[in-house]
Amino acid sequence: MRAFWQPHRIVLVALALGLAVWAALTMRWGWIPRYAPLALEGMWRTIWLLGLSVGIGFALAVPLGLAQAAGPWWLAAPARAFCTVIRGTPLLLQIWLVYYGLGSLFPQYPWIRQSELWPILRQAWPYALVALSLSFAGYEGEVMRGAFKSVPAGQLTAARAFGFSRVATFRRVWLPQGLARALPTLGGETILQLKATPLVATITVIEIYAVASRVRQDTFIIYEPLLLLALAYLALAGVIALGFRWLERRMVRGLH
Amino acid sequence: MKKLVLTASALALLAGTAMADPVRVGIAAEPYPPFASPDAAGNWVGWEVEIIEAVCAAAELECEITPTAWDGIIPALVSGRIDAIMASMSITEDRLQTIDFSDPYYNTPTVIVGQRDIQMDATPEGLAGRVIGVQVSTIHQTYAQTYFEAASELRTYQTQDEANQDLAAGRIDATQADSLALDEFLATEAGACCEVKGVVAMDESILGLGVGVGVRKGDDALREAFNRGIAAILADGTYDRISAGYFATSIYGQ
Amino acid sequence: MLDWLFAGWPGLQASAALLALEPPGWGGNLLRGAANSLIIALGAFGLGLVIGTAGALGKLGGGPVTRDLLAVYTTIVRAVPELILILLLYYAGTDLLNQVLRLMGQRPVEISGLAAGIGVLGVVQGAYATEVLRGAIQAVPRGQIEAARAFGMGPLQVFRRVTLPAMLPLALPGLSNLWLIATKDTALLAIVGFSELTLETRQAAGSTRAYFTFFLAAGAIYLVMTLVSGRVFGWIEARYRRGQARA
């Protein structure tokens, strides 16, 4: 820690604090108490959308990566096509395609409104979750493909020599080692997913960016909500980075 | 050769940033028929587009129509990216704190349009428990947040078009918007799902006193020029001629 | 010609009509938007490379203050969503510029949407490019640079003749990724109303209500752009790796 606090750093941090104090005193912050509950709700929605989409996306990415690394051509080709399409088109387009594209089909099939799923299909968050999860799966499928391929073949052969079944080899050798190699990239990708979440505000999901937009529109204050929003995302990204660093330290023990 | 390319590209970028004299009139980049919508060739057409051209001609201004994202159109005006807003923007007290307006050039009632098979009327009680869609940064959003949010669920969309789309899809039960824009929607195939449920109770402080041209605070010269143009086209019949091509009755509403 | 296909799939003919290149088809609009997207992406990528080179050299050879400020720059850009950066830079950037000009007594300058879009995305690309280029420059064997200095080459010559050619193949995968990010990030400019492919698609879809058709068509156009870009970068990488040991 002492190495961090060199003279020039102290000056820079003091300048930054001075800037923050000046901003806190001169800019308009009166809107914060009124919108605090909405902001907390939005923050929570961002967090659970991020967490769920990363979880579901990763669960899909493992089979996608495995299919490309070791599967027969009739599994590898569709997996590769899926990853290519997802990685080749903008997420915003994918989100709009899922929400408005599917929505434009609803009037043609009136029986959908009477079905059990209708209360869920009416809302926006399922579409946001689907689009974000598929996007994460597409990118991580590619990452896991590289990770699975990079596990030395000797490890897998040794496992077979010990009599492990294919499932056991995967569960106890291939997956953990692939995961450990992919972990640094996955940390960066999770932060990228965090940065992708504001896009769902365009399909009426009220997450933290949508709350900031609402503050801007209600009060016509342009910069202050955006600055606070940027700070919120910095904080979230910092938490994610720290979390992954802790995970890396735990998982990579013993790996060269 | 490299130096030539470098200077050429620097000049090209500067040309894009050159000091310009035409008045950049901002319209919403999202379609808002029948007032302004893009056609297949990429040109903007509609009642408001024609009025802009007529007013500018009458006021002897060289106007450049500049599509701007609706929810950033006031910041764009304030920061100098555009010089005026003619995007069906209502004159409200909230907005008057940030920008100035010209005299109004049209005024139409605000209505609720909802699904045919649902019973509702344009009051907070009539809409209780329903899902209402509105466009962001509009007087309709403010009105709905003030009157309807307590008892109904509110969904905000980037464009009125998307709200209409979700209405047709059945995701929302009703939408609140300008009656003429919604009439246009009801006349389409998708609009067959729905009907006008009623006119909302008037609240001048929110719904405003009509639609006017937005200009920067203190830009009185431009404001007076637009006022002159609007008065001129009202007097010499250009306004009525243009309106006759779109609407059955006059929408001046004053 | 494709009547048999249209007969089996009725909606396809209507879709083909909507996508036609001449009005009343919207295909021409979409392609114009795609051209705009490419121009912005090229400009942003180029600007990002310039900023990235300066940033990488600053991080590697600059003083402690320079390095810290660059670290703040790259951290903020890599942690804050592009959407918010675009909004902040789009409005705040031009505002600040005009205020500075006003203080200097000049008339405020109107920055065209194109220049602002390129500037904003370029700043975002610059942060990522700094990291990519820094990693690539660091991976150049020190012996080569020391040998160049021993031969009496000045720092600029060392950079031009030794560092740059050596680091390019190492940087290319990262840079090709950056290019793909640039092309996809142009879609975000739709939210500030800039007329590129995604906005044109949304306008076309809104005017005709054929959402599926237009979004799929736009997706296909983006896909073509990324696949072609992948090929081009692969070819460039193969050329630069000529003579290098196979990885």
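Participant: Tell me what's going on with the sheet that holds strand 10 (residues 174-178) of chain B, and back it up with residues and numbers.
Facilitator: Residue and element names in this part refer to chain B. If you trace the five strands from one edge of the open sheet to the other, you get 9-8-10-7-11, paired in mixed fashion. The strands lining the two open edges of the sheet, one partner per strand, are strand 9 (153-157) and strand 11 (194-199). Averaged over all pairs of adjacent strands, the angle between their axes in this sheet comes to 30°, without regard to strand direction. Taken together, the five bridges between strand 7 (residues 110-115) and strand 10 define a ladder with antiparallel strand orientation. Among the inter-strand pairings, Val113 is bridged to a residue of strand 10, identified as Thr175.

Participant: Describe in detail the interface of chain A and chain C, supporting the description with residues and values.
Facilitator: At the junction of the two partners, chain A supplies 29 residues and chain C supplies 31 residues. The biggest single contributor to the side of chain A that touches chain C is helix 11 (residues 223-251) of chain A, with seven residues. Among the residues making up the side of chain A that touches chain C, the classes are represented as 20 nonpolar, seven polar and two charged.

Participant: Report on unusual backbone geometry, specifying residues and quantitative values.
Facilitator: All names here are of chain B. Put simply, Pro33 and Pro34 share a cis peptide bond, and its omega is 0°. Residues other than glycine seldom take positive phi values, yet Ser137 does so here, at roughly 60°. Within the secondary structure, Ser137 is located in the loop between strand 8 (131-135) and helix 5 (139-147).

Participant: Describe the domain arrangement of chain B, listing the residues and the values that go with them.
Facilitator: Residue and element names in this part refer to chain B. On domain assignment, one finds that chain B holds domain 1 (21-107 + 209-244) and domain 2 (110-207). The straight-line distance from the C-alpha centre of domain 1 to that of domain 2 is 25 Å. Listed by partner, the interface residues are 13 residues for domain 1 and 15 residues for domain 2. Considering only residue class, the side of domain 1 that touches domain 2 consists of seven nonpolar, three polar and three charged.

Participant: Tell me about the packing of helix 2 (residues 32-70) of chain A against helix 3 (residues 73-88) of chain A, residues and numbers included.
Facilitator: All names here are of chain A. Orientation of helix 2 relative to helix 3, taken along the N-to-C sense of each, is 125°, at an axis distance of 8 Å. When the interaxial angle is binned, helix 2 and helix 3 end up oblique. Between helix 2 and helix 3 the crossing geometry is left-handed. Contact with helix 2, carried on its side by Leu64, Ala67 and Gln68, involves Leu75, Ala76, Ala79, Arg80, Phe82 and Cys83 of helix 3 and no other residues of that element. Residues that form the contact of helix 2 with helix 3 fall into these classes: seven nonpolar, one polar and one charged.

Participant: Give a description of the environment of Arg122(A) that names residues and reports values.
Facilitator: All names here are of chain A. Mapped onto the secondary structure, Arg122 falls in helix 6 (residues 118-122). Assessed through the 19 C-beta atoms surrounding it within 10 Å, Arg122 is described here as partly exposed. Spatially, the C-alpha atoms of Arg122 and Gly103 are 9.1 Å apart, while their sequence positions differ by 19 residues.

Participant: Hey, could you go over the pairing of strand 1 (residues 23-28) of chain B for me, with residue numbers and the actual values?
Facilitator: Pairing between strand 1 of chain B and strand 4 (residues 63-68) of chain B: six bridges, direction parallel. Residue pairing for strand 4 of chain B: Gly26(B) is matched across the bridge by Thr66(B).

Participant: I'd love a proper account of the environment of Ala210(C), names of residues and values included.
Facilitator: All names here are of chain C. Relative to the helices and strands, Ala210 is located in the loop between helix 9 (197-208) and helix 10 (211-240). Its 22 C-beta neighbours within 10 Å are what place Ala210 among the buried residues. When the C-alpha positions of Ala210 and Ile191 are compared, they lie 20 Å apart, and in sequence the two are 19 residues distant.

Participant: If you had to explain the sheet that holds strand 5 (residues 84-85) of chain B to someone new, which residues and values would you point to?
Facilitator: Residue and element names in this part refer to chain B. Read from one edge of the open sheet, five strands run 4-1-5-12-6, paired in mixed fashion. The sheet is open, and its two borders are formed by strand 4 and strand 6 (99-106), each paired with just one other strand. The sheet contact formed by strand 6 and strand 12 (residues 211-216) spans five bridges and is antiparallel. Pairing of Phe101 across the sheet is with Gly214, part of strand 12. This element, helix 2 (residues 47-58), spans strand 1, strand 4 and strand 6 of the sheet and lies at about 150° to strand 4. Contacting strand 1, strand 5, strand 6 and strand 12, helix 9 (residues 220-235) runs over the sheet at an angle of about 0° to strand 6.

Cut-offs used in this document
- Residues numbered from 1 in each chain as written.
- Chains lettered and ligands numbered in written order.
- Predicted model: local features only at pLDDT ≥ 70, side-chain atom pairs only at ≥ 80, totals over all residues.
- Pairing = 2+ DSSP bridges.
- Helix = DSSP H or I, 4+ residues; strand = E, 2+ residues; numbered from the N terminus.
- Axes fitted to C-alpha atoms, helices over the stretch in contact; angles between N-to-C directions.
- Contact = placed C-beta atoms within 7 Å.
- Nonpolar A, V, L, I, M, F, W, Y, C, P; charged D, E, K, R; others polar.
- Domains from an automatic or database assignment.
- Parallel < 35°, antiparallel > 145°, perpendicular 65-115°, else oblique.
- Left-handed = near helix turned anticlockwise from the far one by under 90°.
- Buried ≥ 20, exposed ≤ 12 C-beta atoms within 10 Å, placed from the backbone.

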